[in-house]
Amino acid sequence: MPDSASPAADKAKSASSAASRLFLIDGSGYIFRAYHALPPLTRASDGAPVGAVAGFCNMLWKFLEEMRGNDAPTHLAVIFDASEKTFRNELYSEYKAHRPPAPEDLAPQFPLIRDAVRAFGVSCIEKNGFEADDIIATYARQAAAAGATVKIVSSDKDLMQLIVAGSIELYDPMKQKPLGVDAVMEKFGVTPDKVIDVQALIGDSVDNVPGCPGIGPKTAAELIGTYGTLDGLLAHLDEIKQPKRREALIANADQIRLSRTLVTLKDDVEMEEKWENFGVREPATSTLLQFLDVMEFRTLARRVRENVAKETGVEAPRPESAPEDEPPFTHASYVCVRELGELQRWIGRARDAGVVSLDIEADAFDAMRANLVGVSLAIGPNDACYIPLAHRAIDTRAGDLFASEETPAPVAVDMGVQIPLADALAALKPLLEDPSVLKVGHNIKYDLSVLARLGIAVSPIDDTMLISYVLAGGLHNHESDDLAERHLGHKPMKYEEVIGKGKAQVSFAQAPVDRATCLAAEDADVSLRLWRRLKPQLGRERLLSVYETLERPLPIVLGEMEREGIKVDPAVLVQLSADFAERMLAYEKAAYGYAGREFNMGSPKQLGDILFGEMSLPGGTKTKTGAWSTDASVLEDLAAQGHDLPRALLDWRQLAKLRSTYTEALREAINPKTKRVHTSYAMAATTTGRLSSNDPNLQNIPIRTDEGRRIREAFIAEPGHVLVSADYSQIELRLLAHVADIPQLKQAFADGIDIHAKTASEMFGVPVEGMPSDIRRQAKAINFGIIYGISAFGLARNLGIERSDADAYIKRYFERFPGIRAYMDETKAYARANGYVKTIFGRRIWVAGIKSKTPAERAFGERQAINAPLQGAAADIIRRAMVRLPGAIARGGLKARMLLQVHDELVFEAPVSEADALCTLAREVMQAAPDPVVHLSVPLIVEAGAAKTWAAAH
């Protein structure tokens, strides 16, 4: 811009700012005031605590209504505390150390309150490492310096230091009156510019600011009034006549200076969001009503509808009916954004909407190795765009890619103008990190990880894959395309239509931008429509609490774990691989000897011909193809009968699998940049809520075999660190004792008695003390077998006993523990009646085949129904622990990081000096994970250990 234009522009900006009225609401103060103002309130549909959310919404609605008129804000934001630990804790570890944690029924309401702010169309701001007061101070200073007037909606005394006559004032929302200089004089006896000095002297018992013992507000004000400033006072301590006061001030001078630092609000926090972007806007009626209806705040929803009808003369539609009227998909309406100015306009529209669907395109499925190619955003049906960022031109045959057989020669694909990646990311980052704008995605964990590697921490989020999973876990898959057909009646564009097939397939970065725009924008459009369709169902189906507490927080936690990865020693893997290969060769030679000739150990056909054709072993059955069956169960049966060849084959197969899956594949999986292995967790792949690990799968390393333990020895800590393993002990048996209400088992767990020995004692009348190991082993097999609905045939095979004996064992077991039989019968009946079972946390697990007319399918469904509530509850418990642990680690001042989840086990990496503290903390958090939703009648026990390798830590 020419210099001559600058004064006019500055003058216009100054005039605009001078007319601005910025209101900053102390959100954290609102929360606790709302929480304590109402009696405990739970949502009728699912019992989730919502009292603070209800109170907050009513307070915010009332405030917004009262602020209409001449003194209405032109800019408005609600400011929250992002975390308990801030830079002040680094200065003084005891700062706020005595404050109790948030009440158990309040903590789950924090994210819902953020959702409420966004639903009201108000900017929602927080920043890790800083208190809400610091953010308020920063925005107040910036706005006042620009000529705006600032009103801080809070009566918090700590904010009184910010008051400036005619520029910045506090407003007490409860007493509905401004708090200016007079209020400060009444509270502290000094003007606002002296408040910090007074607070430094008197300290603060609530925040654990030490101050000077014996100095109260009146004395502090008198001292500051006499000496002008705190520095003036400290420079003339020898002039103070009262001996005790003088001695106290001299002895605590350093403590007073520290206290001044602690109470001084930081007014220069670097905030990505500018206060000028907090422009007041009317909330999107459908978004607000959808939130209120899901929360079941019917009175407030009625007021909003009445208000809309009064102002517009049109009755506001119910949000749940709106998606039914959505227009059909139209690719032609999607926009390709190639200029930064146009991108900024889309970003502004997304802020106004408060909800934006996000989808990224990259050049690899591995989030740790993928490069960002483009970003798509959707604001409404057919209102979506694609921002190409890294498409690169290639020469290809258009006919090979897009089925046009007449293209005779290579064609250069022109990708056109693209916004530079750095410029686009700089523009998108404030939006994607803006706590006032909800980002909706499908399997959004992948998007979070790719963007996190580029310095963007996307939050807050909703995930349509997880919403669908909560609604229909076990009924069908939760892929975006399938959900679009199921719920939207739309068949989306296929990936292959953009990148081609077979030999002509290219990476997405090489795909023509026009086709990429159609696919990418449609993906975002689909996610937003699914969100509008499915999110309200959570409330109607009484599943919102399951989603909010067990699913919604997890993508961010898992994404961080995946990016951390774990260190693997390739030298150990090489040695193991060689050892396994040598042992496999020995098994091969032994097998050739048993068979009387050489054969291909990996060929099921040759193996079947030898076992059942040449050797005529019993129990041979043929598959539909006419080949002999040689799966593991067949070989196990033959080995149990004492046949050597099947045993050698089983041992060879085990080593072959371990070698190919781990000792060889893990070396290939080591990331060349991080030098660590990064697994990926699928969140909606199992029916019970368990996570599954992929690429590589770290959950199937056998723990009870020497070979599996040796593989775990390859997983090591970085120098100066240890791996910490924290594992729930017998969690499913404990849940069985609780759910089925088995007095003997509950008492055994309460007394810390060996549960398998206790079971054996109950069944066989053998004293627990000095019990033979084979008797305990039988009881253990029955205990775990019962959980999985084992049959007499299966138990006989596991124990190597006659089926009649196994029948007798199971009968005796149910006689001794009749509650278990009752639980099984009741659970199967419930599954047949409803099609699903539920965990103690309310998760639904749909059971396929429970009503099948085929006996085998129905029996399998019944076994699933028996185990699913137990396995599902165990999965829910560890999810609850995983959500809580990062915050607990941060509050404890630890540098530890959570790396892996393996069924009932969590693995961390921590400095050696933190090992004991982390073990203690992990045990405490994991054992308390069910609270306050479920109070188990048996104790949960977590065993934790630390060592240089995973094998030694577990």
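Residues numbered from 1 in each chain as written. Predicted model: local features only at pLDDT ≥ 70, side-chain atom pairs only at ≥ 80, totals over all residues. Heavy atoms only, no water.

Enquirer: How would you sum up the overall build of the protein chain? Please name residues and give values.
Expert: When you go through the protein chain residue by residue, the secondary structure sums to 39 helices and 24 strands. Computed over C-alpha atoms, the radius of gyration of the protein chain comes to 33 Å, within 12% of the 30 Å expected from 2.2 N^0.38 for 954 residues, which places it in the range of a compact globule. With the principal axes as the frame, the protein chain shows a C-alpha extent of 105 × 85 × 55 Å. Looking at the 954 residues of the protein chain, the share that counts as buried comes to 51%. Restricting the contact set of the protein chain to residue pairs at least 6 apart, pairs at least 24 apart contribute 69%. Surface accessibility of the protein chain: about 41,700 Å² in total, with carbon and sulfur atoms responsible for 51%. Here the protein chain holds 111 positive side-chain charges and 129 negative ones, and the gap between their average locations is 3 Å. (Helix = DSSP H or I, 4+ residues; strand = E, 2+ residues; numbered from the N terminus. Rg over C-alpha atoms; globule rule 2.2 N^0.38 Å. Buried < 20%, exposed > 50% of the residue type's maximum accessible area, 1.4 Å probe, protein only. Contact = heavy atoms within 4.5 Å. Areas by Shrake-Rupley, 256 points an atom, 1.4 Å probe, with all protein chains shown as cover. Lys, Arg positive; Asp, Glu negative; His and termini not counted. Charge placed at Lys NZ, Arg CZ, Asp CG, Glu CD.)

Enquirer: Explain the pairing of strand β1 (residues 21-26) to me, using residue names and the numbers behind them.
Expert: Taken across its six residues, β1 has five buried, putting it largely inside the fold. Two strands pair when backbone bridges link them, and β1 and strand β4 (residues 149-153) are joined in this way by five bridges, in the parallel orientation. Residue pairing for β4: Arg 21 is matched across the bridge by Thr 149. As paired elements, β1 and strand β2 (residues 75-79) share five bridges and run parallel to each other. (Pairing = 2+ DSSP bridges.)

Enquirer: Got a sec to walk through the nonpolar core? Specific residues and values, please.
Expert: Counting residues in each nonpolar core, the largest one holds 186 residues, and the members touching the most others are Phe 56, Phe 599, Tyr 728, Ile 820 and Phe 908. Setting aside residues no more than four positions away along its own chain, Ile 820 makes contact with Leu 736, Ala 740, Ile 742, Leu 745, Ile 786, Tyr 813 and Phe 814. Of all hydrophobic cores here, the second largest spans 51 residues; its members include Tyr 139, Ile 152, Ile 256 and Trp 275. (Core = buried A, V, L, I, M, F, W, Y, C linked by side-chain atoms within 4.5 Å.)

Enquirer: Residues and numbers for the side chain of Asp 434, please.
Expert: Relative to the helices and strands, Asp 434 resides in the loop between α17 (421-433) and β13 (438-441). In this structure Asp 434 comes out as buried when scored by relative accessible area, which is 4%. In this structure, Asp 434 is in contact with Cys 124, Ile 125, Glu 273, Arg 351, Lys 439, Ser 459 and Pro 460, ignoring residues within four places of it in sequence.

Enquirer: How would you sum up the environment of Leu 372? Please name residues and give values.
Expert: Mapped onto the secondary structure, Leu 372 falls in strand β9 (residues 372-380). Contacts of Leu 372, omitting those with residues within four sequence positions, involve Ile 360, Glu 361, Leu 389, Ala 390, Leu 421, Leu 425, Val 450, Leu 451 and Leu 454.

Enquirer: Describe in detail the pattern of salt bridges, supporting the description with residues and values.
Expert: This structure, assessed with the given rule, holds 52 salt bridges. Between Lys 157 and Asp 158 there is a salt bridge, and its shortest N-O distance comes to 3.7 Å. Residues Glu 718 and Lys 567 are paired through a salt bridge, measuring 3.9 Å at the closest nitrogen-oxygen approach. In this pair, Glu 718 is assigned in the loop between β18 (715-716) and β19 (721-728) and Lys 567 in strand β15 (residues 567-568), connecting sequence segments 151 residues apart. For Lys 567, a relative accessible area of 22% translates into the label partly exposed. Taken together, the shared-partner salt bridges connect Asp 115, Arg 118, Asp 462, Lys 535, Glu 548 and Arg 552 into one network. (Salt bridge = Lys/Arg side-chain N within 4 Å of Asp/Glu carboxyl O.)

Enquirer: So, the packing of aromatic side chains: which residues are in play, and what are the values?
Expert: Applying the stated rule across the entire model yields 13 aromatic pairs. Seen in terms of ring centroids, Phe 23 and Phe 63 are 6.2 Å apart; in terms of plane orientation they differ by 50°. Their pairing is tilted. Of this pair, Phe 23 sits in strand β1 while Phe 63 sits in helix α3 (residues 51-66), placing them 40 residues apart in sequence. Accessibility assignment for this pair places Phe 23 and Phe 63 in one class, buried. (Phe/Tyr/Trp six-rings, centres within 6.5 Å; stacked < 30°, edge-to-face > 60°.)

Enquirer: Quick rundown of the sheet that holds β1? Include the residues and the values.
Expert: Strand order in the open sheet formed by six strands is β3-β2-β1-β4-β5-β6, with mixed pairing between adjacent strands. Taken across any chain shown, the strands that pair with only one partner, and hence form the sheet edges, are β3 (123-125) and β6 (177-179). This sheet shows a mean twist of 30° between the axes of neighbouring strands, independent of strand direction. The pairing of strand β5 (residues 168-172) with β6 spans three bridges and is antiparallel. When the sheet's bridge partners are listed, Asp 172 is paired in β6 with Lys 177. (Axes fitted to C-alpha atoms, helices over the stretch in contact; angles between N-to-C directions.)

Enquirer: Which residues make up the sheet that holds β9, and what values do they have?
Expert: The sheet built from six strands is open, its strands ordered β7-β10-β9-β8-β13-β14 with mixed pairing. The open sheet is flanked by β7 (335-336) and β14 (461-463), the only strands paired with a single partner. With three bridges joining them, β13 and β14 adopt parallel strand pairing. Each bridged residue has a counterpart across the sheet, and for Lys 439 the counterpart in β14 is Ile 461. Relative to the sheet, helix α18 (residues 444-452) contacts β8 (355-362), β9, β13 and β14, its axis offset from that of β8 by approximately 70°.

Enquirer: Before we move on, could you go through the packing of helix α37 (residues 855-891) against helix α38 (residues 915-927) and cite the residues and values that matter?
Expert: With their axes 10 Å apart at the nearest point, α37 and α38 run at an angle of 140° to one another. Here α38 runs oblique to α37, going by the angle between their axes. Where α37 crosses over α38, the two elements pack in a sense that is right-handed. Of α38, the residues touching α37 (which contributes Ala 881, Arg 884, Leu 885, Ala 888 and Ile 889) are Leu 918, Leu 921, Ala 922, Val 925 and Met 926. Residues of the contact of α37 with α38, tallied by class, amount to nine nonpolar, no polar and one charged. (Parallel < 35°, antiparallel > 145°, perpendicular 65-115°, else oblique. Left-handed = near helix turned anticlockwise from the far one by under 90°. Nonpolar A, V, L, I, M, F, W, Y, C, P; charged D, E, K, R; others polar.)

Enquirer: Give me the lowdown on the packing of helix α5 (residues 110-119) against helix α13 (residues 285-295), citing residues and values where you can.
Expert: The interhelical angle for the contact between α5 and α13, taken along N-to-C directions, is 150°, at an axis separation of 9 Å. In terms of their interaxial angle, α5 and α13 are classed as roughly antiparallel. Contact residues: Leu 112, Asp 115, Ala 116 and Ala 119 in α5; Thr 287, Leu 288, Phe 291 and Met 295 in α13. Of the residues contributing to the contact of α5 with α13, the split by class is six nonpolar, one polar and one charged.

Enquirer: Talk me through the pairing of strand β23 (residues 905-911); I want residue IDs and the actual numbers.
Expert: A regular strand places its side chains so that they alternate between the two faces of the sheet. Across the seven residues of β23, seven count as buried, placing the element largely inside the fold. Bridging between β19 and β23 involves seven bridges; their strand directions are antiparallel. Bridged to Val 724 within β23 is Phe 908. Relative to β23, strand β22 (residues 897-902) runs antiparallel, the two sharing five bridges. Counted as the bridge partner of Leu 900 is Val 907 from β23.

Enquirer: Please provide a residue-by-residue account of unusual backbone geometry, values included.
Expert: Omega for the bond connecting Asp 695 with Pro 696 falls within 30 degrees of zero, at 0°, which places this linkage in the cis form. Here Pro 696 is to be found in the loop between β17 (692-694) and α29 (706-712). Of the consecutive residues Asp 931 and Pro 932, the connecting peptide bond is found in the cis state with omega at 0°. Tracing the chain through its elements places Pro 932 in the loop between α38 and β24 (942-947).

Enquirer: Pulling in residues and values, what's your account of the confidence of the model for the protein chain?
Expert: Averaged over every residue, the pLDDT of the protein chain is 86; residues scoring 70 or more account for 94%. The element-level mean pLDDT for the protein chain is lowest in helix α1 (residues 6-18), coming to 41, with β23 highest at 97. Confidence drops under pLDDT 50 across residues 1-16; counting only partners more than four residues distant or on other chains, this segment forms three contacts. In this model, residues 396-411 is a region of pLDDT below 50 whose contacts with residues beyond four sequence positions or in other chains number 23 contacts. (pLDDT = per-residue confidence, 0-100.)

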